[in-house]
Amino acid sequence: MIYYKTNEEVELIRKSNLLVSATIAELATRLKPGVTTNQLDAIAETFIRDHGATPAFKGFRGFPFTCCMSINAAVVHGFATDDELKDGDIVSIDTGTVLNGFVGDSAYTFAIGEIEPAVQQLLKVTKESLYLGIEQAILGNRIGDISWAIQEHTEKKHGYGVVRELTGHGVGKSLHEEPEVPNYGRRGNGLKLQDGLVIAIEPMINLGKKDIFCADDDWTIITSDGKPSAHFEHSICVRRNKADILSSFVEIEANEKANPNLFSV
Ligand code: MG
Ligand code: MG
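Residues numbered from 1 in each chain as written. Chains lettered and ligands numbered in written order. Predicted model: local features only at pLDDT ≥ 70, side-chain atom pairs only at ≥ 80, totals over all residues. Heavy atoms only, no water.

1. A word on the packing of helix α1 (residues 7-30) against helix α2 (residues 37-50)
At a minimum axis separation of 10 Å, α1 and α2 run at an interaxial angle of 140°. Accordingly, the angle class assigned to the pair α1 and α2 is oblique. You can see that α1 and α2 cross each other, and the crossing is right-handed. Note on element contacts: α2 touches α1 through Leu-40, Ile-43, Ala-44, Phe-47 and Ile-48, opposite Leu-19, Ala-22, Thr-23, Glu-26, Leu-27 and Arg-30. (Axes fitted to C-alpha atoms, helices over the stretch in contact; angles between N-to-C directions. Helix = DSSP H or I, 4+ residues; strand = E, 2+ residues; numbered from the N terminus. Parallel < 35°, antiparallel > 145°, perpendicular 65-115°, else oblique. Left-handed = near helix turned anticlockwise from the far one by under 90°. Contact = heavy atoms within 4.5 Å.)

2. Let's talk about the environment of Thr-66
With respect to the helices and strands, the residue Thr-66 is situated in the loop between β1 (54-55) and β2 (67-71). What makes Thr-66 buried here is its relative accessible area of 0%. Among residues more than four places away in sequence, those in contact with Thr-66 are Asp-41, Ala-44, Glu-45, Ile-48, Pro-55, Phe-57, Lys-58, Asp-94, Thr-95 and Gly-96. (Buried < 20%, exposed > 50% of the residue type's maximum accessible area, 1.4 Å probe, protein only.)

3. Let's talk about unusual backbone geometry
Following Glu-178, the chain continues into Pro-179 via a peptide bond in cis, with omega recorded as 0°. For Pro-179, the location among the structural elements is in strand β8 (residues 177-181). A positive phi angle is found at His-77, which is not glycine, with a value near 65°. Tracing the backbone through its elements, the reader meets His-77 in the loop between β3 (74-76) and β4 (90-99). His-77 sits in the partly exposed class, given a relative accessible area of 22%.

4. Some thoughts on the coordination of the magnesium ion (ligand 2)
Here the magnesium ion (ligand 2) is held by the protein donor atoms Asp-105 (OD), His-169 (NE2), Glu-202 (OE) and Glu-233 (OE), which lie 2.1 to 2.2 Å from it. Look at where the donors of the magnesium ion (ligand 2) fall in the sequence and you get D-x63-H-x32-E-x30-E. Between the magnesium ion (ligand 2) and the magnesium ion (ligand 1), a separation of 3.1 Å is found, and both are coordinated by Asp-105. Here Asp-105 is found in strand β5 (residues 102-112), whereas its partner His-169 is found in strand β7 (residues 168-170), with 64 residues between them in sequence. The burial state of Asp-105 is the same as that of His-169; both residues are buried. (Donors = N, O, S within 2.8 Å, 3.2 Å for Na, K, Ca; no water.)

5. Let's talk about the nonpolar core
Core analysis: the largest hydrophobic core is formed by 63 residues, its most contacted members being Leu-31, Ile-93, Phe-110, Ile-146, Ile-201 and Ile-236. Here the element with the most residues in this core is α1; it accounts for seven residues. Beyond its immediate sequence surroundings of up to four residues, Ile-236 is in contact with Ile-134, Ala-137, Leu-197, Val-198, Ile-199, Ile-201, Ala-243, Asp-244, Ile-245 and Leu-246. By size, the runner-up hydrophobic cluster in this structure holds seven residues, among which are Val-75, Val-163, Met-204 and Ile-221. (Core = buried A, V, L, I, M, F, W, Y, C linked by side-chain atoms within 4.5 Å.)

6. Some remarks on the pattern of salt bridges
A full pass over the atoms with the stated rule returns eleven salt bridges. As a salt-bridge pair, Glu-177 and Lys-5 come within 2.7 Å of each other at their nearest N and O atoms. Taken together, the residues span a long stretch of sequence, with Glu-177 in strand β8 and Lys-5 in the segment before α1 at a distance of 172 residues. Taken individually, Glu-177 and Lys-5 each receive the classification buried, so the pair is uniform in this respect. Here Lys-58 makes a salt bridge to Glu-45, at a shortest N to O gap of 2.6 Å. Of this pair, Lys-58 sits in the loop between β1 and β2 while Glu-45 sits in helix α2, and the two are 13 residues apart along the sequence. A relative accessible area of 38% means that Lys-58 is categorised as partly exposed. (Salt bridge = Lys/Arg side-chain N within 4 Å of Asp/Glu carboxyl O.)

7. Comments concerning the coordination of the magnesium ion (ligand 1)
All of the protein donors around the magnesium ion (ligand 1) are Asp-94 (OD), Asp-94 (OD), Asp-105 (OD) and Glu-233 (OE); their distances to the metal are 2.0 to 2.5 Å. When the donor residues of the magnesium ion (ligand 1) are listed from N- to C-terminus, their spacing reads D-x10-D-x127-E. With a relative accessible area of 5%, Asp-94 lands in the buried category. Look at Asp-105 and you get buried, because its relative accessible area is 2%.

8. Details of helix α3 (residues 117-135)
Its 19 residues give α3 an end-to-end C-alpha distance of 27 Å, which sits within 8% of 27 Å, the value for a rise of 1.5 Å per residue. For α3, every residue scored as buried is listed here: Val-119, Leu-122, Leu-123, Val-125, Thr-126, Lys-127, Ser-129, Leu-130, Gly-133 and Ile-134. (Expected span 1.5 Å × (residues − 1).)

9. Structural notes on the packing of aromatic side chains
With the rule as written, the count across this model stands at nine aromatic pairs. With centroids separated by 4.9 Å and ring planes inclined at 85°, the aromatic side chains of Tyr-108 and Phe-249 adopt a geometry described as edge-to-face. With Tyr-108 in strand β5 and Phe-249 in the loop between β15 (244-245) and α5 (250-258), the pair connects residues that are 141 residues apart, well separated along the chain. Plain terms: the ring middles of Phe-232 and Phe-249 are 6.3 Å apart, the flat faces sit at 65° to each other, and that makes the pair edge-to-face. With Phe-232 in the loop between β13 (229-231) and β14 (234-237) and Phe-249 in the loop between β15 and α5, the pair connects residues that are 17 residues apart, well separated along the chain. An aromatic cluster is defined as three or more aromatic residues linked by ring pairs; in this entry it consists of Tyr-108, Phe-110, Tyr-131, Phe-232 and Phe-249. Sitting over the ring of Tyr-184, Arg-164 keeps its end group 4.8 Å from the ring centre. The ring of Trp-148 has Arg-187 sitting right over it, with the charged end atom 3.8 Å from the ring centre. (Phe/Tyr/Trp six-rings, centres within 6.5 Å; stacked < 30°, edge-to-face > 60°. Lys NZ or Arg CZ within 6 Å of the ring centre and 35° of its normal.)

These results come straight from atomic positions and should not be treated as a statement about function.
Structure (structure tokens):
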């Protein structure tokens, strides 16, 4: 069952998503070598609750944290820990909020200090692929057009591995609604996109091969070859000529640039 949103609902989902964006932007000011993901997770939870919302991930199917913190070879769903971030790490911070009954969901991958040129390129291309996917999220296109645009840019053009087992998704009153939004697929295939469809688009792109496994914690998804993986996510609403992006990287990117401990691609 697909729930198409009214304009009022879209505005509520936007508010929730802008709080997610503000939360990640807040963390962007705190990221540096020596900080732990547990410290960051606590800051995120306080920030979200101080803004009258609840963390959407905490307790979702038993997930124990406010944020998914996925470092280097971790693709998504990583746990916060007491390990310190170090120079050369990349960390995907993915979080969600429930505000006025509607979920926001967005993610951004940061680079701590100096990272290898190949990893810089991975971050740049993964973020580009997110926007190429969003360009396809317009009335009359199909889910496969989004999937194709992401796969074409990352796998066909740059030789990266596109994770198959995890996808983007509808979002609204629930964190995961129909439809699935794969990051690979064929043009012109799949569900026809209609006005008011709200989906999270989230390329998960591996520097090496596409294969992954799930860690012993039953959550953390890790690349099988141990190479780094990048992840960027926006929640968007399908519209006639141009998708409406409900989350925002503007403040995140400004804080990333202003933080001397972060490398911005
Ligand atoms: Mg997410
Ligand atoms: Mg998501």
